[in-house]
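Single-letter residue listing:
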Amino acid sequence: VTVSGAPTATAAITAKALNVTATGTSRAYNQLTTATVTLADDRVAGDVLTTAYTSATFADKNVGTGKTVTVTGISISGTDSVNYTANTSTTTTANITAKALAVTITASNKTYDGNTTASVTYADNRVVGDVFTVSGTATFATKAVGTGKTVTANSIALTGTDAANYAPNSSTTNTANITAKTL
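**Student:** Account for the overall build of the protein chain, with residues named and values stated.
**Tutor:** Across its full length, the protein chain carries 0 helices and 18 strands. Looking at the protein chain residue by residue over its 183 residues, the buried ones come to 28%. A total accessible area of about 10700 Å² is found for the protein chain, and carbon and sulfur atoms account for 53% of it. Averaged over its 11 positive side-chain charges, the protein chain has a centre that lies 19 Å from the centre of its 9 negative ones.

Structure, rendered in structure tokens:
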């Protein structure tokens, strides 16, 4: 048998499955479920392509550790992207930490009554729409009559639906007057 010429054959090269993974970025509570992630993949060394995503979300808005983040709309582009097929979604985890809550007070003036108990109104920098109540124990430095007396609110605590998403300062001060009691 005599063969002349070189034998030829054809074959198809199929796209490589590209495994796109995500690493979640932890953040402080902000009332949103929006998350940020960094993508990585198992491309062949030297190939040029870019990965992107359209959405990364926490399962809920609340503070927590190791919370699931769902990443969707994963896409690839660039010179070598035609050689790959990528997964379009993935999951990862990240933390949502408590937001520092700056609690302040406005102290009310009072008439001398023989004790240091003070009446205050609390204010804070919560995210608009969040629901919780601020409480504490407010006292004047002394029971004596005077103007511009220091009032301190201690043991500041939060209760309510969104309380666990915040870390309040433990105390705060303001001033008020104690006036003489009429006999």
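**Student:** So what about the packing of aromatic side chains? Which residues, and what values?
**Tutor:** Each aromatic ring pair is summarised here by two numbers: the centre-to-centre distance and the angle between the ring planes. Counted by the stated rule, this structure contains 2 aromatic pairs. Measuring from ring centre to ring centre gives 5.4 Å for Tyr 29 and Tyr 166, while their planes differ by 65 degrees; the resulting arrangement is edge-to-face. Taken together, the positions of Tyr 29 in the loop between strand 3 (27–28) and strand 4 (37–41) and Tyr 166 in strand 17 (residues 166–168) put the pair 137 residues apart, joining distant regions of the chain. Accessibility classification places Tyr 29 together with Tyr 166 in one group, the buried group.

**Student:** Before we move on, could you go through the sheet that holds strand 15 (residues 133–140) and cite the residues and values that matter?
**Tutor:** Here we have 4 strands laid out as an open sheet, ordered 13-18-16-15, and mixed in their pairing. Of all the strands in the sheet, the pair left with one neighbour each is strand 13 (110–111) and strand 15. In terms of strand pairing, strand 16 (residues 146–159) meets strand 18 (residues 172–179) through 6 bridges, oriented antiparallel. By the bridge assignment for strand 18, Ala 153 is matched with Thr 172.

**Student:** Can you explain the side chain of Lys 67? Please cite residues and give values.
**Tutor:** With respect to the helices and strands, the residue Lys 67 is situated in strand 7 (residues 64–72). One polar contact links the side chain of Lys 67 to the main-chain carbonyl oxygen of Asn 62, over a distance of 3.0 Å.

**Student:** Which residues make up the pattern of salt bridges, and what are the values?
**Tutor:** Under the defined criterion, the tally for this structure stands at 6 salt bridges. Taking the shortest distance from any N to any O, the salt bridge between Asp 162 and Lys 61 comes out at 3.3 Å. Here the residue Asp 162 occupies a position in the loop between strand 16 and strand 17, and Lys 61 occupies one in the loop between strand 6 (55–58) and strand 7, the gap between them amounting to 101 residues. Taking relative accessible area as the criterion, Asp 162 reaches 5% and is therefore assigned buried. Put simply, Lys 110 and Asp 113 hold a salt bridge, and the shortest N to O gap is 2.9 Å. With relative accessibility at 43%, the residue Asp 113 sits in the partly exposed group. Through salt bridges with shared partners, one network takes in Lys 61, Asp 130 and Asp 162.

Rules and cut-offs
- Residues numbered from 1 in each chain as written.
- Predicted model: local features only at pLDDT ≥ 70, side-chain atom pairs only at ≥ 80, totals over all residues.
- Heavy atoms only, no water.
- Helix = DSSP H or I, 4+ residues; strand = E, 2+ residues; numbered from the N terminus.
- Buried < 20%, exposed > 50% of the residue type's maximum accessible area, 1.4 Å probe, protein only.
- Areas by Shrake-Rupley, 256 points an atom, 1.4 Å probe, with all protein chains shown as cover.
- Lys, Arg positive; Asp, Glu negative; His and termini not counted.
- Charge placed at Lys NZ, Arg CZ, Asp CG, Glu CD.
- Phe/Tyr/Trp six-rings, centres within 6.5 Å; stacked < 30°, edge-to-face > 60°.
- Pairing = 2+ DSSP bridges.
- Polar contact = N/O pair within 3.5 Å; in protein donor to acceptor, adjacent residues only side chain to side chain.
- Salt bridge = Lys/Arg side-chain N within 4 Å of Asp/Glu carboxyl O.

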